[in-house]
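# Chain and residue survey
As a plain string of letters, each chain reads:
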Amino acid sequence: MAAQWPVGLDALAYGGDYNPEQWPKTVWREDVRLMREAGVTMVSIGIFTWSLLEPEPGQYDFGWLDHLLDLVHDSGIRVALGTPTVVPPAWFYQRNPEALPVTREGVRLAFGSRGAICHSSAAYQQAIVSIAEQLGRRYGRHPAVALWHVHNEYGVPVSACYCDATAAAFRRWLADRYTTLKELNEAWGTTFWGQTYNSWTQVQPPRLTPTACNPAQQLDWARFTSDELLENFIRERDVLHALSPGIPVTTNFQAALSQCESLDYWAWAREVDVVTNDHYLVAETDRNHINLAMSADITRSLANGRPWLLLEHSTGAVNWQPRNIAKRPGEMGRNSLAHVGRGSDGAMFFQWRASRIGAEKFHSAMLPHAGTESRIWREVVRLGRAIGALAPVRGSRVVADIAMLWDWQSWWAQRLEWRPSVDLDARERADAWYAAAYDRHLTVDFAHPDAELSGYPLVVVPALYTMSESVAANLRRYVEKGGVLVVSCFSGIVDERDVVHPGPYPGALRDVLGLTVDEFTPLLEGERVRLDNGTTADIWAEVITLEGAERIWSYTNGPAAGHPAVTRHTTGRGTAWYVSTCLGQDGLVTVLRQAAADAMLPGRDLPRDIEVVERAGIEGRYLFVINHSDEETTVPVTGPATELLTGENVTAHIQVPAGEVRVVARTIWSER
Ligand code: GLA
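Residues numbered from 1 in each chain as written. Predicted model: local features only at pLDDT ≥ 70, side-chain atom pairs only at ≥ 80, totals over all residues. Heavy atoms only, no water.

### As for the pairing of strand β28 (residues 653–656)
Only one face of β28 is buried: it carries I654 and V656, and the other face, with H653 and Q655, is open. Both strand β25 (residues 633–636) and β28 contribute to a ladder of 4 bridges, which runs antiparallel. Pairing of V635 across the sheet is with I654, part of β28. (Buried < 20%, exposed > 50% of the residue type's maximum accessible area, 1.4 Å probe, protein only. Helix = DSSP H or I, 4+ residues; strand = E, 2+ residues; numbered from the N terminus. Pairing = 2+ DSSP bridges.)

In structure tokens:
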């Protein structure tokens, strides 16, 4: 069995993507020297090098990589070795033009960028196995290799391909799922709009249609696409497992990127040996450290609570956003240590040395264009020391307070056209509820809706439009046994085939919530409604009839005026809250405060933007306090304890200057 952590890396990982193929060999020695100065422990190599490794079909040039691996290894730095299958060479496409992906509009994309891949192309599937075999044979037992980094960010920039080969693969996937055409017709509801199929060959990807395309067909297509890409990861992984025994295999996720939701990472996470993730701030958004925390929490949850690894983030600005806002002094360190606090056993970057050429030349790096006489470099060196000092946290696990349900498949379904309101977005609600939990200083685990939830005193369902009977039963069981459930609007509406549950909404949750929804009454664009507790909401309202639940707050105006807006139902040994509208941040925080009281979960009364998260290991507990605010703060701790970054002894309080991070070891925070 492969290890679950880079082999031979007995420290936290620190380093980045290292692409020295862009530089003459004279620079490589300097790179390695500076890496040591910065405290780098691991680098990712080879991710974009297929055309260098195999310059002509079947002719390989490994000399440069042999040399590089030896150089890095001699410096005591571990290597995450990439398979370059995100960038097949020009000669490959010349021979196999059909391996370029086709868009939904029927346009075949061109070579000249990266990630132009039809994952159902037989030629591509053979080629990735063959290059993985070559690398596995040559480097499978190389002492530098700690981890295999397969491909790069599957699904980005293109996931689905609408070509004929993919259509055939889709039909095979459907035949597997449904066995007969009759079952497919039933599942897709093809009697509607006369879409009945009487031959498999008639079944197509959801290509561009004159108006709304069959939603069940689109949903299955999204599932197929995620599975089809995963098959290609598994192809490479299996080759590497065979040729490189014991070395773990990963591929870098983008777990919380809202533009990249084409993969069901719950399924993917089961197939990797180590869960790794890339995260980039959306620099222009206010308080973007909340999205960072959310990304880290999702990734840790995908790893089932085990340590995971941040494989990429940035030292400063990226280059692909409209305005690439530079990180402020200290921000990189806070970002990195927040990931570590939330379970990453390291912090890595894209990339080591800033490129001078190519599409990413204005992207920040550990070693910027300004060189070592620069603020970024000084902060990189400082962070390397901090990461070194945090070695004791390795292997410890984050202590979570509550769970939130998260389901990519439900989001795919909710995002399809012709829903009751274009403004109601699952991801927006998940972000809003997460931000409320962040502001209550509650640490969140994310959970698949089918997961065992009994370990959590409080579970939030921020958006779960699609809900199978088994998920509904899971939630019912959770509440009956004493759990506190908070459900947000438009959840439990359809089953996994996008068929509305029988009876009034929310079919799958009526009994547990103790109510029915007579009617959805979406709001006008920009309209706000007022609730009788003084808070406001927008986008959505519902006309509710109570069937056992109590009314907590009501709408005072708008289409549901006078009706309950937020309800609470005591059932079994637990409680189920329902929020029928899109509450603003104040309202969400208030609901969470009250639901947490039901769950007997004491909140943490800390100032805004003081992030507190704890990891617990065999040898101690580690309290990370990250001060994102402009003022010094004091946080109570139980001592005696030691602060790992400064060495300071701590008794009852830790002072954290504005913008700084402190990690208090062997203590339990006094107010928990
Ligand atoms: C992604 C990719 C990297 C690089 C960075 C830039 O995460 O994996 O190769 O392009 O974005 O931010």
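This is not the end of the story, as more comes after the structure.
### Overview of the side chain of S421
Topologically, S421 is positioned in the loop between α13 (408–414) and α14 (426–439). With residues up to four places along the chain from it excluded, the contact list for S421 reads P522, I539 and W540. (Contact = heavy atoms within 4.5 Å.)

### Quick notes on the site of the ligand
Taken together, F48, R114, N152, E153, D278, Y280, E312, W320, F350, E360 and H363 make up the full set of residues adjacent to the ligand. Interatomic distance of 2.8 Å between a side-chain N/O atom of W320 and an oxygen atom of the ligand. Between the ligand and E360, the relevant distance is 2.4 Å, taken from an oxygen atom to a side-chain nitrogen or oxygen of the residue. Computed on the free molecule, the ligand has an accessible area of 310 Å², of which 97% lies beneath the protein chains in the complex. (Near = heavy atom within 4 Å. Polar contact = N/O pair within 3.5 Å; in protein donor to acceptor, adjacent residues only side chain to side chain. Areas by Shrake-Rupley, 256 points an atom, 1.4 Å probe, with all protein chains shown as cover.)

### Observations regarding the nonpolar core
One finds I45, L65, L302 and L458 to be the most contacted residues of the largest nonpolar core, which totals 182 residues. Top element by residues in this core is α14. It accounts for 9 residues. Ranked by size, the runner-up nonpolar core spans 16 residues in total, among them W173, A187, A216 and F224. (Core = buried A, V, L, I, M, F, W, Y, C linked by side-chain atoms within 4.5 Å.)

### With respect to the packing of aromatic side chains
Scanning the model with the defined rule gives 34 aromatic pairs in all. Taken together, a centroid distance of 5.0 Å and an interplanar angle of 45 degrees make the contact between F520 and W540 tilted. With F520 in strand β15 (residues 515–520) and W540 in the loop between β17 (536–538) and β18 (542–546), the pair connects residues that are 20 residues apart, well separated along the chain. W540 shares its class with F520; the two are buried. (Phe/Tyr/Trp six-rings, centres within 6.5 Å; stacked < 30°, edge-to-face > 60°.)

### Concerning the sheet that holds strand β10 (residues 397–398)
The antiparallel open sheet is built from 6 strands, whose spatial order is β10-β23-β24-β29-β26-β27. This sheet does not close on itself; its edge strands, each paired only once, are β10 and β27 (649–650).

### Some remarks on the domain arrangement of the protein chain
Segmenting the protein chain into domains produces domain 1 (13–161 + 223–392), domain 2 (402–598) and domain 3 (610–666). On a C-alpha basis, the centroid separation for the pair domain 1 and domain 2 is 37 Å. Counting from both sides, the interface comprises 24 residues of domain 1 and, opposite them, 21 residues of domain 2. Here domain 1 and domain 2 share 4 salt bridges between them. (Domains from an automatic or database assignment. Salt bridge = Lys/Arg side-chain N within 4 Å of Asp/Glu carboxyl O.)

### Things to note about unusual backbone geometry
Here the residue pair V156 and P157 is connected by a cis peptide bond, since its omega of 0 degrees sits within 30 degrees of zero. Within the secondary structure, P157 sits in the loop between β4 (145–150) and α6 (164–178). In this chain, Y505 is followed by P506 through a cis amide linkage whose omega measures -15 degrees. Here P506 is to be found in the loop between β14 (484–488) and α16 (510–513). Within the chain, E153 stands out as a residue other than glycine whose phi angle is a positive 45 degrees. Following the sequence through the fold, E153 ends up in the loop between β4 and α6. Look at D609: it is not a glycine, yet its phi comes out positive at around 65 degrees. Inspection of the secondary structure puts D609 in the loop between α17 (585–598) and β23 (610–616). Residue D609 is classed as buried on the basis of its relative accessible area of 11%.

### Observations regarding the environment of Q195
The residue Q195 is located in the loop between α7 (181–188) and α8 (215–243) in this model. A residue is classified by how much of its surface remains accessible, and Q195, at 21% relative accessible area, is partly exposed. Once the C-alpha coordinates of Q195 and N214 are considered, the two residues, 19 residues apart in sequence, prove to be 8.7 Å apart. Dropping the residues within four chain positions of it, Q195 is found in contact with N185, T190 and N214.

### As for the side chain of N335
Assignment of secondary structure puts N335 in helix α11 (residues 331–341). Judged by its relative accessible area of 3%, N335 falls in the buried class. When residues no more than four places from it in sequence are discounted, the contact partners of N335 are L281, L292, H313 and K327.

### Considerations on the pattern of salt bridges
Using the criterion set out here, one finds 35 salt bridges in the structure. In this structure, D609 and R287 form a salt bridge, with 2.8 Å as the shortest nitrogen-oxygen distance. With D609 in the loop between α17 and β23 and R287 in the loop between β7 (276–278) and α10 (289–302), this residue pair connects regions lying 322 residues apart in the sequence. Both residues of the pair, D609 and R287, belong to the buried class. Ionic pairing is found between E428 and R429, a salt bridge with its closest N-O pair at 2.9 Å. A residue is classified by how much of its surface remains accessible, and E428, at 31% relative accessible area, is partly exposed. What makes R429 buried here is its relative accessible area of 5%. Within the structure, one salt-bridge network assembled from shared partners comprises E261, R415, D425, R427 and D431.

### Let's talk about the sheet that holds strand β6 (residues 252–253)
Ordered in space as β5-β4-β3-β2-β1-β9-β8-β7-β6, the 9 strands form an open sheet in which the pairing is parallel. Edge positions in the sheet fall to β5 (249–250) and β6, since each has one partner strand and no second. Bridging between β4 and β5 involves 2 bridges; their strand directions are parallel. Paired with H149 across the bridge in β5 is T250.

### Quick notes on the environment of A616
Among the structural elements, A616 can be located in strand β23. For A616, a relative accessible area of 23% translates into the label partly exposed. Linking A616 and V399, residues 217 residues apart in sequence, is a C-alpha distance of 6.7 Å. Those residues in contact with A616 that lie beyond four places of it in its chain are S396, R397, V399 and R621.

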